[in-house]
Structures are given as structure tokens and as C-alpha cells.
Amino acid sequence: MLDAKLYETYVQILKDELLPAMGCTEPVAVAYAGALARRALGGLPERVDIEVSRNIVKNVKSVVVPNTGGMRGLEAAAAIGIVAGDADGQLQVLAQVTKEQILETKEYMKTAELHVVPAKSDYIFDICIHVYKGEDSAEARIVDFHTNVVMIRKNEDYILNKEITGRTESSMADKSLLTVKDIIEFADTVDIADVKDVLDRQISYNMDIAKEGMTNSYGANIGKVLMHIYGGVDVKTRAKAFAAAGSDARMNGCELPVVINSGSGNQGITSSVPVIIYAQELGVSQDALYRALVVSNLCTLHIKEGIGRLSAYCGAVGAGCGAGAGIAYLHGGRLEEISHTLVNGLAIISGTICDGAKASCAAKIAAAVDAGILGYYMYKDGQQFRCGDGIVKGDVEKTIRSVGLLASEGMQETDKEIVKIMIED
């Protein structure tokens, strides 16, 4: 049985991380900073400097900004936040934008000066929106994660000025305390009343956007392709297809909210939708579904903790493996089965790069879910990857740490080259 302090930490981790958001979270964070800067200025700016780190460039360049009528890119994200954003809305900053405000934003972009400039810092996640009107100026800055506002000022007066400690997300529950063993024990023993609200919202929001993606046309329609080619009889195909469809909708302008994981809607969809599809297929109780979602969400967060919010390593990989862990749990698997599922899945697909938010994320999600499920089926068939097979170590915790080092340290130059390739003609 987990001690009370660790139990409360695990509950708080889920509450901290499983948040609602509309649209891809990086452009939404840009819009949030824009809304904060405009409010500080006290009027519509004539000139805007959008100062961002390379990973923000990567994840905003190609994705549709929600509630903009299909516009893409940093200028659109900043402009819609400035013109129409709810500065108190955080990741729901664009939830209440009207059609009239979209038209107003498009006109604003024709007359205002909007410039994208590289961040001066070395922070992986750095957004600073500078706005100017007449003799007045203001700025708002977000560092490390999507809602971590560290500075707001008007002229020389600071409305907010927090120290940037370098301890990412220090205000949130400590995810370094996660282990696979404790995650499973927590899932087995948690009072569902403590996590029900956040999980109910995740089930509702993420299945709604998955169904929307399967019903209408978005992006490359990966979910529909999978169903057309392989049919919907096999639960594995449905799990991949519905997760991919949710991403396709989200990356390509759908205005439905999602519940995120690790700061990402795609990872929130990937870590939840396949588990829900399998639970429906197996006919398990709602209680069993909740506990399996606890496993999938916390395993995803555990894998991502060493990687960081943004990197050259595709975040869907960890979420797909987390989903595999949740599916193993639904089948009665516990520490041995889930550990092998995670190690096998990570060994299969850890080479997948993140080249920004866009339509192909849906295909990567399908591949990641496939790897997570294959990792479980390998174990069930008596097969596994062993210590010394590439990055695989002697146990699941060491393997997860290896993946974190690969992504956070080993792929830094890869990340720079990806952004360079993306912005060149």
C-alpha cells in the first residue's frame, strides 16, 4: 500500500496534467501570451514581436490555430490571442472566439506589424510577446511549460516578475516520484472518487474528438485509411484508427477540446482512446477502465518526465507505450506484464522524431499505439527484448531513464537540424 504522501502526490499529478485544452497546445500558449500582453498594454497594439524558442517554431509552423478560420503559424496564433483571447482562459484562451472576432483578426493582420524573432535564451520552451502602441509597450513571457507565466510588464512597471529557476514545473506535483511498480499499486488501490472527475472528462472529450475525426474529413484522414484498408473488426485496428482520427481532427482545425497529457493533446488522446476502445471490446466495468487509464496516463507521464515537454523525440511514442500498459492492465497484467510491455514498445519505436505539429502526427500515433500493443502481445507470446538489445537495459526503470537521456541529451543536435530543415525552402 502506498504511503499517504505518495498517494496524494499521484492524485495531484493526474489533476495537474489531465487538463482541458482547445487545439495544439503550443499555438494556444502563444495566443495566451498574446492575450496577456494586450491586456497589459490596455489596447490593440500597432506592432508585435513574437520572440520564441526553436521548438515553439517547430510546433506552431504547420498546425491550424483553433478558432481562426483555418489560419496557421505564429503570426496567426499571436494575433488571435491579442484580438480575441481570454487572458484568464489559459489553455482555453481561444474557446470563446466568435466569427466576428476571426474576421477582425484577419483584418488586424493586414495592418499591424507582426515579426517573429528567435528567443535570446537557451530555454527549450520560451515564448515572449512584445506589443507596442504609440509610446507604450508591454510584454508577457511563458517559460518551461504552457501556462507558466513568468513575466508581465507595461512600460517599466512589472505586473508579474517570477524567477526562472531552471526547475521545470517546480510548482506542480513531483513526477520524479513515479515508478512503474508504484503506478500499478496506485491503480489497484486508488479511491476512484479521487480521480473520477479528471478521468470522466478525459473519456468524454477525447472520445468525442476521435469520433469527430472518424466522421468528417481532417488532414490525411489516417483513421479512415486504417479502417478502410484493415476493416473495423479487429480491436487493435480500431484502437489505432480512433486515436489517429482524434489527432487528425485536432491538428487540422477542429474546435473540440481535448484533455492533454504531458502538455500535449496528441499525447492525451494517445494515452486514453486506445484503452477506452479495448475496455469497450472486453466489456469490463467502468471501475476497471478508470484504473487502466490511471496506468496509461501515469506511465506516459513517467516516460515523458526524463524527455521534457518538447524535444526531437516524438511524444506519441511514450503515450503509445503508456496505452499498451493500460491495455495490458485491462487484460489482467500487472508488474511483470506491464514492465515488459513498456520495454518492448520503447525498443520498437524510440527512433521516431518530432518534426512539429501537423497532419503526420496522426500516422505516428497509429504507429506508436501499434508498438505499445505489440509490446504486450510479444510478452503474451513468450517473447521479449533483453538487456543489451540496443537501448534496452536490465529493467523497466533503467530503460525509461535511457530513453530520457536519448531524447534530452542525445537528440539536441537532431532537434536543431529538424528546425533548420523545416524553415528552409
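Position numbers for residues count from 1 along each chain, tracking the sequence in the order it is written. Reporting in this predicted model follows two pLDDT cut-offs: at least 70 for local features of residues, and 80 or more for side-chain atom pairs to be given and counted; totals over whole chains, interfaces and linings ignore these cut-offs and use all residues. Values shown for side chains rest on all heavy atoms present in the structure; no hydrogens or waters enter the calculation.

Visitor: How would you sum up the pattern of salt bridges? Please name residues and give values.
Guide: Here a salt bridge means any side-chain nitrogen of Lys or Arg lying within 4 Å of a carboxyl oxygen belonging to Asp or Glu. Overall, the coordinates contain 19 salt bridges when judged by the stated rule. The salt bridge partner of R47 is D49, with a shortest N-O separation of 3.3 Å. Between D370 and K236 there is a salt bridge, with the nearest N and O atoms lying 3.1 Å from each other. Taken as a pair, D370 in helix α14 (residues 361-380) and K236 in helix α9 (residues 235-251) lie far apart in primary sequence, 134 residues in all. Residue classification places D370 among the partly exposed positions, given a relative accessible area of 23%. Salt bridges linked by common partners bring E17, K175 and E305 together as one network. Each helix corresponds to a stretch of at least 4 residues labelled H or I by DSSP, and each strand to a stretch of at least 2 residues labelled E; elements are numbered beginning at the N terminus. Accessible area is worked out with a 1.4 Å probe on protein chains only. A residue is then buried under 20% of its type maximum, exposed over 50%, and partly exposed in between.

Visitor: Explain the sheet that holds strand β4 (residues 126-133) to me, using residue names and the numbers behind them.
Guide: Any two strands are treated as partners once DSSP identifies two or more bridges connecting them. Taken together, 6 strands build an open sheet; the order of strands is β3-β2-β4-β5-β6-β7 and the sheet is mixed. Of all the strands in the sheet, just β3 (113-118) and β7 (157-161) have a single pairing partner and so form its edges. Adjacent strand axes in the sheet meet at a mean angle of 10 degrees, parallel and antiparallel pairs treated alike. In this sheet, strand β6 (residues 149-154) lies alongside strand β5 (residues 136-143) in antiparallel orientation, the contact comprising 5 bridges. By the bridge assignment, E139 is partnered in β6 with R153. Pairs of residues are marked as contacts when any of their non-hydrogen atoms sit within 4.5 Å. Structural elements are reduced to axes, namely lines fitted to C-alpha atoms, with helices fitted over the stretch in contact, and the angle between N-to-C directions of any two is expressed from 0 to 180 degrees. Contacts from helix α4 (residues 74-84) reach β2 (47-52), β3 and β4 within the one sheet, and its direction differs from that of β2 by about 125 degrees.

Visitor: I'd like to hear about the pairing of β7, residue by residue, with values.
Guide: Little of β7 sits out of view: just 0 of its 5 residues are buried. By the bridge criterion, 4 bridges tie β6 to β7 in an arrangement that is antiparallel. Considered in β7, the bridge of M151 is made with N161. The turn joining β6 and β7, which pair antiparallel and follow one another in sequence, is formed by 2 residues; a positive phi near 50 degrees is taken by N155.

Visitor: For the environment of K106, give the residues involved together with the corresponding values.
Guide: For K106, the position within the fold is in helix α5 (residues 99-111). Its relative accessible area of 32% is what places K106 among the partly exposed residues. When the C-alpha atoms of K106 and E409 are compared, they prove to be 40 Å apart, with 303 residues separating the residues in sequence.

Visitor: Break down unusual backbone geometry for me, citing the residues and quoting the values.
Guide: Unusually for a residue other than glycine, Q90 sits at a positive phi of about 50 degrees. Summarising the element assignment, Q90 is placed in the loop between α4 and α5. The phi dihedral of D144 is positive, around 80 degrees, even though this residue is not glycine. Among the structural elements, D144 can be located in the loop between β5 and β6.

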